[in-house]
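# Fold and contact review
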Amino acid sequence: MHGPVTDVHVHVQPWEMIRPAVMAAMRRGRDDLAEIERCFADPGALLAHMDRQGVERMVLINYESPDVMGFSTETNDWVLRYTKGREARLLPCVGINPRFESDVRGRAERLADGGARLFKVHGPHMLVSPNDYLGAWPDLRAVYEVASARRIPVMFHTGSSIFKGARTKHGDPLQVEDVGIDFSDLDVIIAHGGRPFWTEQAFFLLRRFPRFHLDLSGIPPARMLEWFPKLEEIADRVLFGTDWPSPGVPAIAKNLAAVRAMPLPADVLERFTSGNALRLFPSR
Ligand SMILES: [Zn+2]
């Protein structure tokens, strides 16, 4: 028997805000657009989709990236509205971009009050580095301080991004080392494990900082142990995620089956898909 599955990395976002070039990349060569659009328009349809895919909970990743992706500050309010009344299964993630916010701390407090379960820092799309609180964007510190105080994790995109205008340099996981040192109470999620070319750096940080977690999204399960041969060492801090419905990402159920087929002990895989996320995101 499997425990309830949480997909910690899903992009259910206001597609009406997306810039045309990004939208074209999203839509290219796929046959599931009608289903996606139904889910995005209606959280009830998403819950039915989750039931079919074998997923109990999802973390819905949203963040401000008006110039690269098209997501204005309203995207954060959108996800809080979308998840309202369904918070047991749909966990809203918000992201505050200090390049476009005059009151980062106030916004972070309000979003936390509004029910945000996760803060996202998507460096390559926000054009901000995780450690820019030490340099160009001092206000970023407020996000980490509020998150720490409220026991809300922060997820960092690490690794490349294919969208037009994205700057991958902001996805270098070594920039998250400063966060681990300066905010030792903060729960951190390293999304994508730095793939494809920073996986060693990502794993170094995961071993160094006991509050750092690895989100498996965007890493093909068949290559997981090639990139992370010592994955079992951090077995209590690995989280199942899919990145659905990003370009090239298979259906969630297929992804889940592939993770469950990895050559690791069944109890370890069960922690990846169920137990670890229940601990990091307890039901409220
Ligand atoms: Zn993602």
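Residues numbered from 1 in each chain as written. Predicted model: local features only at pLDDT ≥ 70, side-chain atom pairs only at ≥ 80, totals over all residues. Heavy atoms only, no water.

### Considering the overall build of the protein chain
Test applied: Numbering goes from the N terminus for both helices and strands, where a helix is a DSSP run of H or I of at least four residues and a strand is a run of E of at least two. For a compact globule the rule gives 2.2 Å times the number of residues to the power 0.38, and the radius of gyration it is set against comes from C-alpha atoms. When a residue's accessible area, from a 1.4 Å probe over protein chains only, is under 20% of the maximum for its type it is buried; when over 50% it is exposed; and in between it is partly exposed. In this analysis, two residues are considered to be in contact whenever any of their non-hydrogen atoms come within 4.5 Å of each other. Note on areas: Shrake-Rupley, 1.4 Å probe, and residue coverage restricted to the protein chains presented here.
For the protein chain, the helix and strand inventory stands at 12 helices and 8 strands. Its C-alpha atoms give the protein chain a radius of gyration of 17 Å, near enough to 19 Å, the size a compact globule of 284 residues would have. For the protein chain, the spread of C-alpha atoms along the three principal axes comes to 50 × 40 × 35 Å. A buried classification covers 60% of the 284 residues belonging to the protein chain. When contacts within the protein chain are restricted to residue pairs at least 6 apart in sequence, those whose partners lie at least 24 apart make up 76%. For the protein chain, the accessible surface area stands at approximately 11,300 Å², while carbon and sulfur atoms represent 52% of it.

### Some words on empty space enclosed by the protein
Threshold: Cavity means a closed set of points on a 1 Å grid over the protein atoms alone, one where a 1.4 Å probe fits but cannot get out, pocket means an open set with protein on both sides within 12 Å along at least 5 of 7 lines, and lining means a residue has an atom within 4 Å of a point. Grid points are joined across faces, edges and corners, and a volume is the space filled by probe spheres set on the points. Think of it as three bins: nonpolar holds Ala, Val, Leu, Ile, Met, Phe, Trp, Tyr, Cys and Pro, charged holds Asp, Glu, Lys and Arg, and polar takes everything else, Gly as well.
Counted under the stated rule, the structure contains 1 cavity of 30 Å³ or more. The computed volume of the largest cavity comes to approximately 30 Å³. Forming the walls of the largest cavity are Leu-80, Thr-83, Lys-84, Glu-87, Pro-92, Gly-114 and Gly-115. Each residue belonging to the lining of the largest cavity can be placed in one class, and the counts come to 2 nonpolar, 3 polar and 2 charged.

### What about the sheet that holds strand E3 (residues 90-94)?
Keep this limit in mind: Following DSSP output, two strands are said to pair if at least two bridges run between them.
Pairing in this open sheet of 8 strands is parallel, and the strands run E1-E2-E3-E4-E5-E6-E7-E8 from one edge to the other. The open sheet terminates on both sides in strands that have one partner only, identified here as strand E1 (6-10) and strand E8 (238-239).

### Comments concerning helix H11 (residues 252-260)
Going by this rule: Working note: the arc is built from the helix axis to C-beta atom directions.
Of the positions making up H11, those classed as buried are Ile-252, Asn-255, Leu-256 and Val-259. Each buried residue of H11 lies within a common arc of 100° when the element is viewed along its axis, so the set occupies one face.

### A closer look at the coordination of the zinc ion
Which entries qualify depends on this criterion: As a rule, N, O and S atoms within 2.8 Å of a metal are its donors, except that Na, K and Ca use 3.2 Å; water is not among the atoms, so sites may look incomplete.
Binding of the zinc ion to the protein goes through His-9 (NE2), His-11 (NE2) and Asp-243 (OD), at separations of 2.0 to 2.2 Å. The sequence motif formed by the donor residues of the zinc ion is H-x1-H-x231-D. With His-9 in strand E1 and Asp-243 in the loop between E8 and H11, the pair connects residues that are 234 residues apart, well separated along the chain.

### Quick word on the nonpolar core
We apply this condition: Among buried residues, the Ala, Val, Leu, Ile, Met, Phe, Trp, Tyr and Cys ones that are joined through side-chain atoms within 4.5 Å form a nonpolar core.
Counting residues in each nonpolar core, the largest one holds 98 residues, and the members touching the most others are Leu-46, Tyr-144, Leu-231, Trp-244 and Phe-272. A per-element tally of this core places helix H7 (residues 140-150) first, with 6 residues. Non-local contacts of Tyr-144, meaning those with residues more than four positions away in its chain, are made with Val-121, Pro-130, Tyr-133, Val-154, Phe-156, Val-179, Phe-183 and Leu-186.

### What about the packing of helix H2 (residues 33-41) against helix H3 (residues 43-53)?
For any two helices packed against each other, one specifies the inter-axial angle together with the distance between the axes. Using the following cut-off: Every angle, taken between N-to-C directions, lies between 0 and 180 degrees, and every axis is a line fitted to C-alpha atoms, over only the stretch in contact when it is a helix. Here is the rule for angles: anything less than 35 degrees is roughly parallel, anything more than 145 is roughly antiparallel, 65 through 115 is roughly perpendicular, and the remaining ranges are oblique.
Two elements in contact, H2 and H3, have axes separated by 5 Å at closest approach and are oriented at 125°. One finds that H2 runs oblique with respect to H3. Residue-level contacts link Glu-35, Arg-38, Cys-39 and Ala-41 of H2 to Pro-43, Ala-45, Leu-46, His-49 and Arg-52 of H3. Residues that form the contact of H2 with H3 fall into these classes: 5 nonpolar, 1 polar and 3 charged.

### Focus: the pattern of salt bridges
How we decide: Every case where a carboxyl oxygen of Asp or Glu lies within 4 Å of a side-chain nitrogen of Lys or Arg is listed as a salt bridge.
Enumeration over the complete set of coordinates arrives at 19 salt bridges. Here Arg-208 makes a salt bridge to Glu-177, at a shortest N to O gap of 2.5 Å. Taken together, the residues span a long stretch of sequence, with Arg-208 in helix H9 (residues 199-208) and Glu-177 in helix H8 (residues 177-182) at a distance of 31 residues. For Arg-208, a relative accessible area of 40% gives the class partly exposed. A salt bridge links Glu-226 to Arg-223; its shortest N-O distance comes to 2.9 Å.

### Here we look at the environment of Arg-211
With respect to the helices and strands, Arg-211 occurs in the loop between H9 and strand E7 (212-215). Relative accessible area serves as the criterion here: at 30%, Arg-211 is assigned to the partly exposed category. Each C-alpha atom of the pair Arg-211 and Asp-185 lies 7.6 Å from the other, and the pair is 26 residues apart in sequence. Look past the residues within four positions of Arg-211 in its chain and what remains in contact with it is Arg-151, Ser-184, Asp-185, Leu-186, Asp-187 and Val-188.

Bear in mind that shape data such as this cannot, by itself, settle questions of function.
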